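This is what each chain is made of:
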Amino acid sequence: MVRTPLTPEERERGERLGRLLREARGPRSMNEVATSAGLSAETLRKIETGRAPTPAFFTVAALAAALGLSLDEVLARCAPVPA
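Cut-offs applied
Residues numbered from 1 in each chain as written. Predicted model: local features only at pLDDT ≥ 70, side-chain atom pairs only at ≥ 80, totals over all residues. Heavy atoms only, no water. Helix = DSSP H or I, 4+ residues; strand = E, 2+ residues; numbered from the N terminus. Buried < 20%, exposed > 50% of the residue type's maximum accessible area, 1.4 Å probe, protein only. Contact = heavy atoms within 4.5 Å. Areas by Shrake-Rupley, 256 points an atom, 1.4 Å probe, with all protein chains shown as cover. Lys, Arg positive; Asp, Glu negative; His and termini not counted. Charge placed at Lys NZ, Arg CZ, Asp CG, Glu CD. Salt bridge = Lys/Arg side-chain N within 4 Å of Asp/Glu carboxyl O. Phe/Tyr/Trp six-rings, centres within 6.5 Å; stacked < 30°, edge-to-face > 60°. Core = buried A, V, L, I, M, F, W, Y, C linked by side-chain atoms within 4.5 Å.

Visitor: Is there a simple way to think about the overall build of the chain in this case?
Guide: Within the chain, the regular secondary structure consists of five helices and zero strands. With respect to the three principal axes, the spread of C-alpha positions in the chain is 35 × 30 × 20 Å. Counting over 83 residues, the chain shows a buried share of 31%. Taking the contacts inside the chain whose residues are at least 6 apart along the sequence as the reference set, 62% of them involve residues at least 24 apart. Of the roughly 5,400 Å² that the chain leaves accessible, carbon and sulfur atoms contribute 58%. Considering the chain, the positive charge centre built from 12 side chains and the negative charge centre built from 10 side chains are found 4 Å apart.

Visitor: For this particular structure, what's the right way to read the pattern of salt bridges?
Guide: Two side chains bearing opposite charge may form a pair once their charged atoms approach each other closely. Within this structure, the stated rule accounts for five salt bridges. For arginine 28, the salt bridge is made with glutamate 32, and the minimal N-O distance between the two is 3.4 Å. Under the relative-accessibility criterion, arginine 28 is labelled partly exposed at 26%. Glutamate 42 is paired through a salt bridge with arginine 45; the nearest N and O atoms lie 2.9 Å apart.

Visitor: Teacher, can you tell me more about the packing of aromatic side chains here?
Guide: The geometry of an aromatic ring pair comes down to the distance between the two centres and the angle between the two planes. Counting across every chain of the model gives one aromatic pair. Considering the side-chain rings of phenylalanine 57 and phenylalanine 58, the 5.1 Å spacing of their centres and the 80 degrees angle between planes classify their relative orientation as edge-to-face. The pair formed by phenylalanine 57 and phenylalanine 58 is uniform in burial state, with each residue classed as exposed.

Visitor: What's the story with the side chain of glutamate 48 in this structure? I'm lost.
Guide: Its place among the elements puts glutamate 48 in helix 3 (residues 41–49). Since its relative accessible area comes to 3%, glutamate 48 is described here as buried. Apart from the residues lying within four places of it in its own chain, the contact partners of glutamate 48 are Gly18, Leu21, Arg22, Arg25 and Met30.

Visitor: Sorry, what's going on with the nonpolar core here?
Guide: As a rule of thumb, nonpolar side chains are buried together in soluble globular proteins. In terms of nonpolar packing, the biggest core is built from 18 residues, with Leu17, Leu21, Leu44, Leu63, Leu69 and Val74 touching the most fellow members. Elements with a contribution of two residues or more to this core: helix 1 (8–25), helix 2 (30–37), helix 3, helix 4 (57–67) and helix 5 (71–78). Here the element with the most residues in this core is helix 4; it accounts for five residues. Apart from residues lying up to four places away in sequence, leucine 17 is in contact with Ile47, Pro55, Val60, Val74 and Cys78.

Here it is as structure tokens:
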């Protein structure tokens, strides 16, 4: 199966998600947050740096819970900016 290339908007949304997660993580280590969310530190690193700009819903939900973010807040901060 060939993956469709991401649009610029999808890449930008992934970058916004990464920034939000880094900000919410604050001084906590990447390993601590990843373990709390049931993920590997490498997965979290890829999401935070934008190398994995379209993580699965349940991955985002687990990270949000581990960081004390609501999914509404994640959506509000990562949704496309209206033109």
